[in-house]
Amino acid sequence: MNAPATIRPSTADRIDPITAAVIQGALENIAIEMGHKLMRMSYSSIIRESEDFGAALTDADGNQLCECKMSTPLQSGPIPGYIRGIKRALAARGETIRPGDVIMHNDPYGGASHGPDVSFTVPIFVDGALAAFSVTTAHHLDIGSATPGSAGIVDAVDAYAEGLQFKAIKVSDEGRVNRAVWQILRDNIRAPQLVVGDMEAQIKAAEIGAERFLALVGRYGMEQITAAADHLMDYSERLMRDAIRALPDGTYAAETRIDGFLDDPNPARRDLPIKVAVTVAGDEITVDLTGTAPQVSDRPINMPFEGTVDCAIWLTLRSILLDSALYGDVPQNAGLTRPITIVAPKGCLANPIFPAPTIARFTPGNAMADTLMRALSQIVPEQVSAGVGNLRVVSFSGLQEGRHWVHMEIFEGSYGGRFGLNGMDAVDTLYANTRNNPIEDIESHLPIRVDRYELRNDAPAAGQWRGGIGSVREFTLLSDGAFSIEGDGHSQRPWGHEGGEAGRPGELTLERADGGTEILPSKVPYHEARHGDRVLARGPNGGGYGDPLKREPAAVLDDVLDGHLDVAQAAALYGVAIRDGAVDDAATAALRQQRAA
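Quick caveat, the model's predicted, so the values are computed rather than measured.

Definitions and cut-offs
- Residues numbered from 1 in each chain as written.
- Predicted model: local features only at pLDDT ≥ 70, side-chain atom pairs only at ≥ 80, totals over all residues.
- Heavy atoms only, no water.
- Helix = DSSP H or I, 4+ residues; strand = E, 2+ residues; numbered from the N terminus.
- Rg over C-alpha atoms; globule rule 2.2 N^0.38 Å.
- Contact = heavy atoms within 4.5 Å.
- Areas by Shrake-Rupley, 256 points an atom, 1.4 Å probe, with all protein chains shown as cover.
- Lys, Arg positive; Asp, Glu negative; His and termini not counted.
- Charge placed at Lys NZ, Arg CZ, Asp CG, Glu CD.
- Axes fitted to C-alpha atoms, helices over the stretch in contact; angles between N-to-C directions.
- Parallel < 35°, antiparallel > 145°, perpendicular 65-115°, else oblique.
- Left-handed = near helix turned anticlockwise from the far one by under 90°.
- Nonpolar A, V, L, I, M, F, W, Y, C, P; charged D, E, K, R; others polar.
- Pairing = 2+ DSSP bridges.
- 1 Å grid on protein atoms, 1.4 Å probe; cavity = no way out; pocket = protein on both sides within 12 Å on 5 of 7 lines; lining within 4 Å.
- Points joined across faces, edges and corners; volume = space filled by probe spheres on them.

### Thoughts on the overall build of the protein chain
Thinking step 1. Scanning the protein chain from N- to C-terminus turns up 14 helices and 22 strands.
Thinking step 2. Against the globule reference of 25 Å for 597 residues, the protein chain gives a C-alpha radius of gyration of 25 Å, in line with a compact fold.
Thinking step 3. Expressed along its principal axes, the backbone C-alpha trace of the protein chain runs to roughly 85 × 60 × 40 Å.
Thinking step 4. The long-range fraction of contacts in the protein chain, counting pairs at least 24 apart against all pairs at least 6 apart in sequence, stands at 73%.
Thinking step 5. Surface summary for the protein chain: the accessible area is close to 22200 Å², and the carbon and sulfur share equals 51%.
Thinking step 6. Distance between charge centres in the protein chain, computed from 54 positive and 79 negative side chains, equals 2 Å.

This is the structure in structure tokens:
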């Protein structure tokens, strides 16, 4: 039986810009509704509260039409890659996409960001032809890895140790539910009531997106919607090309390092370089990652080229070159990526070879985005921040009455200072924009108590605009259990920019109920914990931007009054003299003159 035909967009279609904008707004509203419905139907807090999900519509070829603005870029951004991976996998098996199918996919070598980010795809047919896809993705609490949870599986030796692999699996085949697949899921994952409930919510949200798209087709017709999509992709592409054309031609390079596995005796797993060379040529840009460390074949810090690396680069370029504060609402679609080429040698951290594990790719990918930003700082210094403080992700787990409980928590980082602004304190950075979990939600559902949630009390990185401040998070286990952590930024200080001070590294400590203390590295595999044990995390402080002696004395005073600095630090770091809660202008001028000499 032949596969249904595919509707192909035509570049010859024409549409007036007002109608195109109206259709774009309608498409975006569909994606937003999908996101809201997914959040409200989900069981786990990582989706319901932290918003670690994606929702988008693509055309039949996988070109993104719109995405939910509430979702994290690392969820919605890879969705076109999921579609490409699904189509390749089905074609290799001789299968076709048909009305009534619902397709599950999480293959990190087939477009997925990593294994726990499972997508559910609903194909949309118009007059018997494949017209579009409605897709949701979400991070799931457990995916059947060797140890509980889906974060901190940092000792996985290959892709098989990371959990179940779903390579374009039809959970519904032409409307017939594949009950065997669901039974396999329930039998092979921990906390199945949460995970399966979240997956069912994803499917329903994707089905809602398909229904809304068909209603839009009924109003405007497929030809008009295709024309609007072409028009808006071309518009987004023009914006990006114009922004690139404004840059000086040339190659701009930067290098940073990630922790790797600081407690590993093998030097090939520690202090690993991330290298980025950005070449601007007219209205196109090439990002070359040659020189980045080789893949670590038996540890999961490798980054899927399609699904993590590409999204980290696209998002960073879009955020810096098309800052929404200046450009307003830029249509988020496939047109933005057309002028961008990414090069990464096969077998490096940024383009690993199967079955190298990838489940802990989150913080290396964020470090790559930070390195790209450092390279761009040479040509657009007023559009970047200084170095960011990277994040950590922890899984807490345990057993209650024979049933697993699993909780995932994201420990924030911080931004470096930027031109005209201090760095943002205690936030997710770069391609992560998930929210924190409310303390009340954690303590009402889990045997965990949150004892501290505050800003670090050591001085933020000095600069004309100071670096952001990391958070202090302390969790006490109220029953025996375990935790595992993936993070970075313990061995390297976030870079300062144009004379700004480097930031502060992160720290992790286990304070045992028996009085013992254990200093932990940035990556911790499954670690047993006892009732009363406490996990203490200090997030890194971002780097400072600009000469500290140029910081407005009033801003230094504000930091003193807010408790971020003391009077001695104000004088030592900024040359600002404070007497009786006010700036002493004469003494400050003398201090700064002395420091500048």
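### Side note on the packing of helix α1 (residues 17–41) against helix α6 (residues 192–220)
Thinking step 1. Two elements in contact, α1 and α6, have axes separated by 8 Å at closest approach and are oriented at 160 degrees. Taken as axis vectors, α1 and α6 run roughly antiparallel relative to one another. In this structure, α1 crosses over α6, and the sense of that crossing is right-handed. Between α1 and α6, the residues in contact are Thr19, Val22, Ile23, Ala26, Leu27, Ile30, Glu33, Met34, Lys37, Leu38 and Met41 and Asp198, Ala201, Gln202, Lys204, Ala205, Ala206, Ile208, Gly209, Arg212, Phe213, Leu216 and Tyr220, respectively.
Thinking step 2. For the contact of α1 with α6, the class distribution of residues is 15 nonpolar, three polar and five charged.

### Concerning the sheet that holds strand β19 (residues 524–529)
Thinking step 1. With antiparallel pairing, four strands are arranged side by side in an open sheet as β13-β12-β16-β19. In this open sheet, the two strands that pair with only one neighbour each are β13 (403–411) and β19. Each strand of the sheet is rotated relative to its neighbour by a mean of 20 degrees, with strand direction disregarded.
Thinking step 2. As paired elements, strand β12 (residues 392–400) and strand β16 (residues 481–487) share six bridges and run antiparallel to each other. Its bridge partner lying in β16, Arg392 is registered against Gly487.

### Quick word on the layout of surface pockets
Thinking step 1. In this structure, the second largest pocket encloses a volume near 360 Å³.
Thinking step 2. Leu194, Trp405, Val406, His445 and Leu446 are the residues nearest the centre of the second largest pocket, which is lined by 18 residues in total.
Thinking step 3. If you list the elements that add at least two residues to the lining of the second largest pocket, you get α2 (45–48), α6, β13 and α11 (439–445).
Thinking step 4. By residue number, the principal contributor to the lining of the second largest pocket is β13, which donates five residues.

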